[in-house]
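# Coordinates in review
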Amino acid sequence: MRFGKKLALQVMDDQSGAPYLSHKPMKEAINRTVRELRLLQAATQGNGDAGANMAALTPAGLAELEERVASLDHQLFVLVDEDLERIIKHIRVGEAQLRFAILGHQGTDQQPRTVRARGGAR
């Protein structure tokens, strides 16, 4: 089974409300970046159909391709940063809840115990 399908099944079964990485948008951003990189590579190496690469072979065309690749790269890392921000926030909330629960349990264990004096002097 492919990763995307496994992830979709996991997300559907998960009842915790935990955030996941945005798999589909990330995959699309990566695919667009790879497509542009291949165009850039073909243009710089002179591979492929010369007619299709004619515009890209000019310095302005190469600069435009490089700019698009950099923009797509930036979009991908914005997605990753946003996902990580949501995940870290979820983890911090969970940590705070655990800390509160632990303090609550420690508070019940550390209640002052009364010491009863044993009867009579020896």
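Residues numbered from 1 in each chain as written. Predicted model: local features only at pLDDT ≥ 70, side-chain atom pairs only at ≥ 80, totals over all residues. Heavy atoms only, no water.

### Details of the overall build of the protein
- Of the regular secondary structure elements, the protein holds 4 helices and 0 strands.
- The N-to-C order of helical and strand elements in the protein reads α-α-α-α.
- Residue burial in the protein is summarised as follows: out of 122 residues, 16% are buried.
- Summarising the internal contacts of the protein: among those between residues at least 6 apart in sequence, 64% fall at separations of at least 24.
- Put simply, the protein shows about 10,100 Å² of open surface, and 58% of that area lies on carbon and sulfur atoms. (Helix = DSSP H or I, 4+ residues; strand = E, 2+ residues; numbered from the N terminus. Buried < 20%, exposed > 50% of the residue type's maximum accessible area, 1.4 Å probe, protein only. Contact = heavy atoms within 4.5 Å. Areas by Shrake-Rupley, 256 points an atom, 1.4 Å probe, with all protein chains shown as cover.)

### A short note on the pattern of salt bridges
- Applying the stated criterion to the full structure yields 4 salt bridges.
- The shortest N-O distance in the salt bridge between Arg 68 and Glu 36 comes to 2.8 Å. Separated by 32 residues along the polypeptide, Arg 68 in helix α4 (residues 59-109) and Glu 36 in helix α2 (residues 23-45) bring together distant segments of the chain.
- Close ionic contact of Arg 92 with Glu 95 constitutes a salt bridge, the shortest N to O distance being 3.1 Å. Residue Arg 92 and its partner Glu 95 are both found in helix α4; the two are separated by 3 residues, about one turn of the helix.
- Owing to a relative accessible area of 49%, Arg 92 belongs among the partly exposed residues under this scheme. (Salt bridge = Lys/Arg side-chain N within 4 Å of Asp/Glu carboxyl O.)

### Observations concerning α2
- For α2, which comprises 23 residues, the first-to-last C-alpha distance of 32 Å matches the rise-based estimate of 33 Å (1.5 Å per residue) to within 8%.
- Taken together, the buried positions of α2 are Met 26, Ala 29, Thr 33, Glu 36, Leu 40, Ala 42 and Ala 43. (Expected span 1.5 Å × (residues − 1).)

### What about the side chain of Thr 33?
- Looking at where Thr 33 falls in the secondary structure, it is placed in helix α2.
- The class of Thr 33 is buried, set by a relative accessible area of 12%.

### Concerning the environment of Val 80
- Examined against the element boundaries, Val 80 turns out to sit in helix α4.
- By relative accessible area, Val 80 is classed as buried at 19%.
- Sequence spacing of Val 80 and Leu 21 is 59 residues, and the spatial spacing of their C-alpha atoms is 7.4 Å.

### Description of a nonpolar patch on the surface
- A cluster of nonpolar side chains, Leu 21, Leu 84 and Ile 88, forms an exposed patch at the surface whose accessible area comes to about 250 Å².
- Its location among the elements puts Ile 88 in helix α4. (Patch = residues over 30% accessible without salt bridge, like charges linked within 9 Å, V, L, I, M, F, W, Y side chains within 5 Å.)

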